[in-house]
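Observations on chain architecture
Listed here are the chains, written in short residue letters.
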Amino acid sequence: MPESLSAEFDDGVIPYVRGGAYVNGSGEAGAHMGLPLAGHARMRAFAVDYRMPPDHPFPVGAVVLATPEADLTESGDSFEINVHVDVVASERLTDSIALYADGHDLRDPYLSPVFRDFGQGCPPTALSCGTRHLFLSNTVLLHRALRRAGVDAELHVWEGMPHGGFFGAPEDRELFAEQARFLHKHLVPTETERKVKK
C-alpha cells in the first residue's frame, strides 16, 4: 500500500496481475512489482499470485460459485416461484441490473455468463444455491451450460437455503466442507510445491 492514498480515489483498488512470461515473479515478487503503480496512483493494490509451469501447465485452477447471478435477464422460473420466498433476495434486481448494464444487451456473456460458449474452456466449477433462493434457476442453468460443454461441474442445492447461505446454522459447515473438498480435489499441491514449503 502506498504511503498516502489519494482522497479522490480512496475507495478505488487496483487488481494487479503480474507478467513474468508465465514462469517468473511468484510470491512476494508479484507484490513488489505492483508497488510502483500503486505508489504513483496513490491507490490500494492487490497483487494476485498464480500457479505456474512446469508444475502447473494450462489449464489449472478451480472455481466455487455460491448463488451466482449468472443470467441478468432473470428469465428462469425461480424469479417467479421464489419471489418473496427468499428472505434475503426477496425480489428481482431489475433496477440495479439496469444501472449496472447501462443499456448493454443483458444476454452479453460478459454480463450473463450463462450465455457464454464454455466449449472454449473453463476451470472445474462447483455451484451452490438453495431451494428457497431467487437465483436457483440461474445456478441450475449455468451448471447445465457448463456440463453441455464438458466442464467438470458440480451442483449442490441445499434444502431451505435462501440467498447467501444459512447465516450460522449447522448446515453452513456442511456447505463449506463441500466447497473445501472441491478445492482440495482440484488444487492438490505437487511434490515440488510440498518440498518448497518444507
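Let me sum up the structure you'll find in this document. Everything numeric in this text was worked out from a predicted model, so none of it was measured.

Another point: the state of the cysteines. According to the stated counting rule, one finds 0 disulfides in the structure shown. A disulfide-free cysteine, C122 has its sulfur positioned 17 Å from the sulfur of C129, the nearest such atom. Look at C122 and you get partly exposed, because its relative accessible area is 26%.

Let's shift gears to the side chain of E69. Note on placement: E69 falls in the loop between β3 (63-66) and α2 (78-81). One buried charge, E69, has no salt-bridge partner; the nearest side chain with opposite charge is R92, at 8.2 Å. Among the polar contacts made by the side chain of E69, one reaches the side chain of N138 at a distance of 2.3 Å. Once residues within four sequence positions are removed from consideration, E69 is found in contact with E74, F79, L93, I97, F135 and N138.

Within a regular strand, side chains alternate between the sheet's two faces. By the bridge criterion, 6 bridges tie strand β4 (residues 125-130) to strand β5 (residues 153-158) in an arrangement that is parallel. In the strand pairing of β5, T125 is matched with A153. With helix α4 (residues 136-148) bridging β4 and the parallel β5, this β-α-β connection has right-handed handedness.

As a further point, take the sheet that holds β3. Across a sheet, paired strands are connected by hydrogen bonds in the backbone, their directions being either parallel or antiparallel. Pairing is parallel in the open sheet, where 3 strands are placed in the order β3-β4-β5. What marks the edges here is a single partner per strand, and that holds for β3 and β5. Taken over all neighbouring pairs, the strand axes of this sheet differ in orientation by 15 degrees on average, direction set aside. Helix-sheet contacts for α4 involve β3, β4 and β5, and the interaxial angle to β4 is about 155 degrees. Along the sheet, helix α5 (residues 170-186) makes contact with β3, β4 and β5, crossing β5 at roughly 175 degrees.

Between its first and last C-alpha, α4 extends 18 Å over 13 residues, near the 18 Å set by a 1.5 Å rise per residue. Every buried residue of α4 is listed here: S137, N138, T139, L142, H143, A145 and L146. For α4, the elements touching its buried residues are β3, α2, β4 and β5. Just downstream of α4 lies G150, where phi reads positive at about 85 degrees.

Among the nonpolar cores identified, the biggest contains 9 residues, and these are A70, V114, F118, L127, L142, A145, L146, V151 and A153. Ranked by residue count, the leading element in this core is α4, at 3 residues. Among all residues touching V151, those that are not within four sequence positions of it are F118, C122, P123, T125 and L146.

Parameters and conventions
- Residues numbered from 1 in each chain as written.
- Predicted model: local features only at pLDDT ≥ 70, side-chain atom pairs only at ≥ 80, totals over all residues.
- Heavy atoms only, no water.
- Disulfide = S-S within 2.5 Å.
- Buried < 20%, exposed > 50% of the residue type's maximum accessible area, 1.4 Å probe, protein only.
- Helix = DSSP H or I, 4+ residues; strand = E, 2+ residues; numbered from the N terminus.
- Lys, Arg positive; Asp, Glu negative; His and termini not counted.
- Salt bridge = Lys/Arg side-chain N within 4 Å of Asp/Glu carboxyl O.
- Polar contact = N/O pair within 3.5 Å; in protein donor to acceptor, adjacent residues only side chain to side chain.
- Contact = heavy atoms within 4.5 Å.
- Pairing = 2+ DSSP bridges.
- Right-handed = clockwise from strand over helix to strand, strands pointing away.
- Axes fitted to C-alpha atoms, helices over the stretch in contact; angles between N-to-C directions.
- Expected span 1.5 Å × (residues − 1).
- Core = buried A, V, L, I, M, F, W, Y, C linked by side-chain atoms within 4.5 Å.

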